[in-house]
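What follows is the residue order along each chain.
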Amino acid sequence: MAQHSTHPGGASRVRRRALLGTAVLAVLVTLAGLAAYLTREARSPSDTASPPPSSPTASSSPATSSGPHTRPRALPVPPKTYDPITYGKAAAAALWSYDTRAYSQPELRKALRGWLTTESKYADPTSVDQVVPSATLWREMAANKQVATAKINEGHFPHAFTQALQDDPGAIAQAYVYAVTVSGKQSIRWKGSAAGGAESRSTTLAVQCRPNHPCALVGVMPSVAP
């Protein structure tokens, strides 16, 4: 026969522990396609990985400016890196850049999906597709030979993410998904424009970096985490 806890607060502590674990996972995977991950069993802290340090001033963009008279840009290719911040900055630059002269909207969407983790239970392709201009808008932009480039200013782990890891370090040991917030500027030029336009951008990405495996994109968070 199972014995009941002799400590009145024992059950409450267990419930609080479970709720804490759920909160940590919610920070790690706030993407609709990862809801099943929240129901996983508790993670073992023995395999915990500490987040690598940030390089806040480095730029991950392959180019900082472009215009109708520059050479067409190739489709974005993911870097081979084991640092989630470095990967997140490169992914943000890819998501904020396009060249309607060089490739079609389906080709860009397919290339960006190539950045996603191959673990389908974590990957959220829909969140990536939503960043790509629609087919109708792309046709209008292509008629004007529109080009966008990105300059990355900084990348970091959001405060809520680092606090969650401090509260329960073992929570990341199942999927190794990191939240990375990136800020920068997107510059846009088109046929006949002398200077084009630019605007500040920021996004929070979910990046998977398993030990001894290059990082991969999980998806784009629905909101920016500071």
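The text that follows walks through the structure, step by step, so that each part is easy to find. In this text, all values refer to a predicted model and were calculated from it rather than measured experimentally. (Residues numbered from 1 in each chain as written. Predicted model: local features only at pLDDT ≥ 70, side-chain atom pairs only at ≥ 80, totals over all residues. Heavy atoms only, no water.)

Here we look at helix H6 (residues 159-167)
For the record, the criterion: Each residue is assigned to one of three classes by its accessible area relative to the maximum for its type, calculated with a 1.4 Å probe on protein chains only: buried under 20%, partly exposed between the two thresholds, exposed over 50%. Helix and strand definitions here come from DSSP, where helices need a minimum of 4 consecutive H or I residues and strands a minimum of 2 consecutive E residues; each element is numbered from the N-terminal end. Throughout, the arc means that of the directions going from the helix axis to the C-beta atoms.
Of all the positions in H6, only Phe161, Ala164 and Leu165 are classed as buried. Down the axis of H6, the smallest arc covering the buried residues is 100°, so these residues share one side. Exposed positions of H6 whose direction lies more than 90 degrees from the buried face are His159 and Gln166.

Looking at the pairing of strand S5 (residues 216-220)
As a reminder, the rule being used: Two strands are counted as paired when DSSP detects at least two bridges linking them.
S5 sits mainly inside the fold: five of its five residues count as buried. Sheet topology places strand S4 (residues 197-208) next to S5; four bridges connect them, and they run antiparallel. Within S5, the position partnered with Gln208 by the bridge is Ala216.

Quick notes on the state of the cysteines
Defined as follows: Note that a disulfide, as used here, is simply two cysteine sulfur atoms within 2.5 Å.
Under the defined criterion, the tally for this structure stands at one disulfide. Residue pairing for Cys209: its cysteine sulfur links by disulfide to Cys215, the two sulfurs lying 1.9 Å apart. Between Cys209 and Cys215 the sulfur-sulfur dihedral comes to about 115°; the bridge is accordingly right-handed.

Topic: the packing of aromatic side chains
Here is the rule we go by: In summary, the pairing rule links any two rings of Phe, Tyr or Trp, Trp by its six-membered ring, whose centres are within 6.5 Å, and it sorts them by plane angle into stacked for under 30 degrees, edge-to-face for over 60 and tilted for everything else.
Per the stated rule, a full pass over the model turns up six aromatic pairs. Where Phe157 meets Phe161, the ring centres are 5.5 Å apart and the plane angle is 25°; that geometry is what we call stacked. Take Phe157 and Phe161: they sit in the same class, and that class is buried. Taken together, the ring pairs in this structure connect Tyr98, Tyr103 and Trp138 into an aromatic cluster.

By themselves, these observations are geometric and do not establish any function.
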